[in-house]
Amino acid sequence: GQQLNQSPQSMFIQEGEDVSMNCTSSSIFNTWLWYKQDPGEGPVLLIALYKAGELTSNGRLTAQFGITRKDSFLNISASIPSDVGIYFCAGRAGGTSYGKLTFGQGTILTVHP
Amino acid sequence: GAVVSQHPSRVICKSGTSVKIECRSLDFQATTMFWYRQFPKQSLMLMATSNEGSKATYEQGVEKDKFLINHASLTLSTLTVTSAHPEDSSFYICSASLGGTEAFFGQGTRLTVV
């Protein structure tokens, strides 16, 4: 089956630093999504990418859909304490928005004030 | 924005009993709902895809008779864990899709089987 490798598994950074995490896939995806999950909560969508090469920003977050369709990265600039949480990438091979997602293993982000 | 609500948020049940988890789309009609399972510090694993009025499609390795899914209306899907055992303890999350937009996730249900 499809697998996503997300790295790093965890990050410990100082407030104000930039963060970068990425996902690679063994197969092609048509959609890449990035989510944030707080403890005991469901994931919340941060950025959605639908086109190879696409670069999209959402405030301090920037994500890109790799040209090969097999990878994506998420950058967070000038991190703040509320950025703490688990970040997941997710990919979808199908062309519809209701197709099933494959999730990466997650990146646990800790921000020290 | 669209809201998906799960109930209960936490449940403790005795081994051998069944427990039902509800997933409701509060302000939209969801043609498709998904059920995920998440172990501590691990990723979300898709269990099944649920379409209103039809049988759910289960992922490989997920027991259909163990995890009963009913999608009786466009705003409600239920997951029933039958004859629960301690190894069924997990965080269960649903998501609901309007179609044309990405699915919205519920807040999750923490199931503990004792």
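Here the structure is shown first, and the text comes after it.
Residues numbered from 1 in each chain as written. Chains lettered and ligands numbered in written order. Predicted model: local features only at pLDDT ≥ 70, side-chain atom pairs only at ≥ 80, totals over all residues. Heavy atoms only, no water.

### Remarks on the overall build of chain A
From N to C terminus, chain A includes zero helices and eleven strands. Sequence-ordered secondary structure for chain A, helices as α and strands as β, is β-β-β-β-β-β-β-β-β-β-β. Since a compact globule built from 113 residues should have a radius of gyration of about 13 Å, the 13 Å found for chain A is in line with a globular shape. Once the C-alpha set of chain A is aligned to its principal axes, its extents read approximately 40 × 30 × 20 Å. Sorting the 113 residues of chain A into buried and exposed places 42% on the buried side. Within the structure as shown, chain A displays about 5,300 Å² of accessible surface, and the carbon and sulfur contribution to it stands at 54%. A gap of 16 Å separates the mean positions of the 7 positive and 8 negative side-chain charges of chain A. (Helix = DSSP H or I, 4+ residues; strand = E, 2+ residues; numbered from the N terminus. Rg over C-alpha atoms; globule rule 2.2 N^0.38 Å. Buried < 20%, exposed > 50% of the residue type's maximum accessible area, 1.4 Å probe, protein only. Areas by Shrake-Rupley, 256 points an atom, 1.4 Å probe, with all protein chains shown as cover. Lys, Arg positive; Asp, Glu negative; His and termini not counted. Charge placed at Lys NZ, Arg CZ, Asp CG, Glu CD.)

### Observations concerning the packing of aromatic side chains
The final tally for this structure, using the stated rule, is nine aromatic pairs over all chains. An angle of 85 degrees between the planes, with centres 5.3 Å apart, marks the rings of Y35(A) and F105(B) as edge-to-face. You can see Y35(A) sitting in strand β4 (residues 31-37) and its partner F105(B) sitting in strand β10 (residues 104-105), one on each of two chains. As far as burial versus exposure is concerned, Y35(A) and F105(B) are alike and both buried. Taken together through their ring pairs, the aromatic side chains of Y35(A), F88(A), F103(A), Y36(B) and F105(B) make up a single cluster. (Phe/Tyr/Trp six-rings, centres within 6.5 Å; stacked < 30°, edge-to-face > 60°.)

### Comments concerning the state of the cysteines
Residues and elements named next belong to chain A. Enumeration over the complete set of coordinates arrives at two disulfides over all chains. With its sulfur 1.8 Å from that of its partner, C23 forms a disulfide with C89. Where C23 bonds to C89 through sulfur, the torsion about that S-S bond is close to -85 degrees, and the disulfide is left-handed. Here C89 lies in strand β9 (residues 85-92) and C23 lies in strand β3 (residues 19-25), a separation of 66 residues in the sequence. A single burial state applies to C23 and to C89, both of which are buried. (Disulfide = S-S within 2.5 Å.)

### What about unusual backbone geometry?
Here S7(A) and P8(A) are connected by a cis peptide whose omega angle stands at -5 degrees. With respect to the secondary-structure elements, P8(A) resides in the loop between β1 (4-7) and β2 (10-14). That bond from H7(B) to P8(B) is cis: its omega, 0 degrees, falls within 30 degrees of zero. Positive phi, normally seen in glycine, also occurs at A78(A), with a value near 45 degrees. By the secondary structure assignment, A78(A) is in the loop between β8 (71-76) and β9. Positive phi outside glycine occurs at K41(B), with the angle close to 60 degrees. Counting through the fold element by element, K41(B) comes out in the loop between β4 (32-38) and β5 (44-51).

### So, the environment of R10(B)
Inspection of the secondary structure puts R10(B) in strand β2 (residues 10-13). Taking the C-alpha atoms as reference, R10(B) lies 16 Å from W35(B); in sequence the two are 25 residues apart.

Interpretation note: all reported values are geometric properties and have no functional meaning in isolation.
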